[in-house]
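# Overview (structure and organization)
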Amino acid sequence: LVFRKSDEMAVDTSTGSTYSRGTAIVYIFNLIVGVGALALPTGFDQAGLVLGILFLFFIAFLSYITATWIIESQAIANAILSQSELEKETLPLLMDSVNESGKSLVPPDRFEIKKRTEISLMADMFLGTRGRNIFYVVLVIYLFGDLAIYAVTVPQSLNKVIPHITIHGHQSDSYYLFLAIFALIVVPLSMFNFQKTKYLQLATLGLRNASFFMMVILGIIFIAQGKGTPVKDLPWFNIKGLPAMFGVSIYSFMCHHSLPSIITPISNKTGIQKLMLLDFVLVLAAYVILCVSALVAFGGQNEECSATVFPCSIQPLYTYNFVGN
């Protein structure tokens with residue numbers, strides 16, 4: 001394989017400040033778990049308990065494997081850039097990499113991830129101009145869908161709590177006000193790298209886990225009171241609900257586009273694949289616990305939720321099941 005260092009690769013690949021493996025676990029967990037997790041219970045409700053768990057395992061497996069591919073691509077990109085700094089000519093990366101005795105001639109630290117090689121840079125290095133352009137199109141479509149989810153769910157959730165705001169004696173829907181506030185907060189924060197949002201990440205982890213914990217506990221309390229769905233009435237396996245399950249879970253383990261920014265600053269990258277695996281297992285466990293408790297608690301309900309109706313059927317966003325209760 002032959003690569004040539006070009007002017008297009010003259011980009012900022014600095015690592016910035018480093019952080020520990022524990023901090024990386026927090027960052028990766030926050031990156032994976034998003035607001036889409038609140039839609040998983042309705043997917044379980046339609047696909048059934050067994051099919052829902054199996055499909056989540058399948059999505060988690062594929063996502064983990066592809067995440068390790070990103071890490072391997074980073075290592076190769078770092079090797080190319082490291083060698084390019086020493087030689088200003090066409091560079092054979094793999095040619096004559098072993099001697100006659102089979103011993104590797106490649107320095108052991110050559111593939112160490114020291115430079116931040118973002119996905120866009122690696123697309124340019126490995127895929128060429130056409131592949132890079134296709135990558136950007138796919139990324140824009142993904143980010144549009146991702147941001148659309150947040151732009152709907154966050155303001156709409158706040159709108160459930162404060163449905164109307166009075167301005168000059170007139171009531172108006174508060175959704176667009178909350179959407180504007182959300183945009184004013186999120187857009188500036190999106191300009192920072194992960195190192196500069198450490199305390200925000202820690203606060204987000206605490207609040208997110210607290211909300212997950214409260215929803216699980218409230219569901220368990222409801223079940224303990226004998227108001228949950230009988231086991232015989234639970235949906236177990238409904239293949240017709242697979243499209244719905246696919247729709248709500250396809251983003252559930254998405255993290256690959258931001259991995260280079262998280263992986264590179266880790267001070268000790270030994271066993272980084274195991275660290276990733278731990279995060280995926282923790283996220284999968286959190287999803288399964290949330291969905292199983294939701295299904296057992298509210299899976300047999302048929303009424304729509306409102307301020308006066310409780311319990312009710314599992315809502316498109318699970319938080320709505322607790323409105324008015």
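The rules behind these values
- Residues numbered from 1 in each chain as written.
- Predicted model: local features only at pLDDT ≥ 70, side-chain atom pairs only at ≥ 80, totals over all residues.
- Heavy atoms only, no water.
- Helix = DSSP H or I, 4+ residues; strand = E, 2+ residues; numbered from the N terminus.
- Buried < 20%, exposed > 50% of the residue type's maximum accessible area, 1.4 Å probe, protein only.
- Phe/Tyr/Trp six-rings, centres within 6.5 Å; stacked < 30°, edge-to-face > 60°.
- Patch = residues over 30% accessible without salt bridge, like charges linked within 9 Å, V, L, I, M, F, W, Y side chains within 5 Å.
- Areas by Shrake-Rupley, 256 points an atom, 1.4 Å probe, with all protein chains shown as cover.
- Salt bridge = Lys/Arg side-chain N within 4 Å of Asp/Glu carboxyl O.
- Polar contact = N/O pair within 3.5 Å; in protein donor to acceptor, adjacent residues only side chain to side chain.
- Core = buried A, V, L, I, M, F, W, Y, C linked by side-chain atoms within 4.5 Å.
- Contact = heavy atoms within 4.5 Å.
- Axes fitted to C-alpha atoms, helices over the stretch in contact; angles between N-to-C directions.
- Parallel < 35°, antiparallel > 145°, perpendicular 65-115°, else oblique.
- Left-handed = near helix turned anticlockwise from the far one by under 90°.
- Nonpolar A, V, L, I, M, F, W, Y, C, P; charged D, E, K, R; others polar.

A few words on the environment of isoleucine 239. Mapped onto the secondary structure, isoleucine 239 falls in the loop between helix H6 (198-224) and helix H7 (242-249). Look at isoleucine 239 and you get exposed, because its relative accessible area is 52%. With 188 residues separating them in the primary sequence, isoleucine 239 and leucine 51 have C-alpha atoms 7.6 Å apart.

Inspection of the entire model under this criterion finds 10 aromatic pairs. A ring pair is formed by phenylalanine 55 and phenylalanine 58, whose centres lie 6.3 Å apart and whose planes are at 45 degrees; its orientation type is tilted. With phenylalanine 55 and phenylalanine 58 both in helix H3 (residues 49-86) and 3 residues apart, the pair spans about one turn of that helix. Under the relative-accessibility criterion, phenylalanine 55 is labelled buried at 12%. Consider the rings of tyrosine 64 and phenylalanine 280, whose centres lie 5.8 Å apart with planes at 70 degrees: the pair is edge-to-face. One end of the pair, tyrosine 64, is in helix H3; the other, phenylalanine 280, is in helix H9 (residues 272-298), and 216 residues separate them in sequence. The pair tyrosine 64 / phenylalanine 280 is uniform in exposure class, with both members buried. Through successive ring pairs, a cluster of aromatic residues spans Tyr64, Phe253, Phe280 and Tyr287.

Now for a nonpolar patch on the surface. On the surface, Leu177, Ile181, Ile185, Val187, Leu189, Met191, Phe192 and Leu200 cluster together into a nonpolar patch covering about 740 Å² of accessible area. Sorting elements by how many residues they give to the nonpolar patch places helix H5 (residues 175-189) first, with 5 residues. Along the polypeptide, leucine 177 turns up in helix H5. Taking the relative accessible area as the measure of exposure, leucine 177 reaches 39% and is therefore partly exposed.

Within the element layout of this structure, serine 261 appears in helix H8 (residues 259-263). For serine 261, a relative accessible area of 15% translates into the label buried. Here the side chain of serine 261 touches glutamate 118 through a polar contact of 2.5 Å, side chain to side chain.

Turning our attention to the nonpolar core. In terms of nonpolar packing, the biggest core is built from 71 residues, with Leu56, Phe253, Met276 and Tyr287 touching the most fellow members. Where this core is concerned, the elements lending two or more residues are helix H1 (21-32), helix H2 (40-47), H3, helix H4 (119-161), H6, H7, H8 and H9. Other than its neighbours up to four places away in sequence, phenylalanine 253 contacts Ile32, Leu56, Ile59, Ala60, Ser63, Phe280, Val283, Leu284 and Tyr287.

Before going further, it helps to examine the pattern of salt bridges. Considering all chains together, one arrives at 2 salt bridges under this definition. Glutamate 118 is paired through a salt bridge with arginine 116; the nearest N and O atoms lie 3.0 Å apart. Overall, the relative accessible area of 19% leaves arginine 116 in the buried class. Aspartate 124 is the salt-bridge partner of arginine 132, the closest N and O atoms lying 3.3 Å from each other.

Take the packing of H2 against H9 next. At a minimum axis distance of 9 Å, the contact between H2 and H9 shows a crossing angle of 60 degrees. Overall, the two elements H2 and H9 adopt an arrangement that is oblique. Along this stretch, H2 crosses H9, giving a crossing that reads as right-handed. Seen from H2, the contacting residues are Leu40, Pro41, Phe44 and Asp45; seen from H9, they are Tyr287, Cys291, Ala294 and Leu295. Residues of the contact of H2 with H9, tallied by class, amount to 7 nonpolar, no polar and 1 charged.

Before going further, it helps to examine the side chain of threonine 23. As for its placement among the helices and strands, threonine 23 is situated in helix H1. Taking relative accessible area as the criterion, threonine 23 reaches 11% and is therefore assigned buried.

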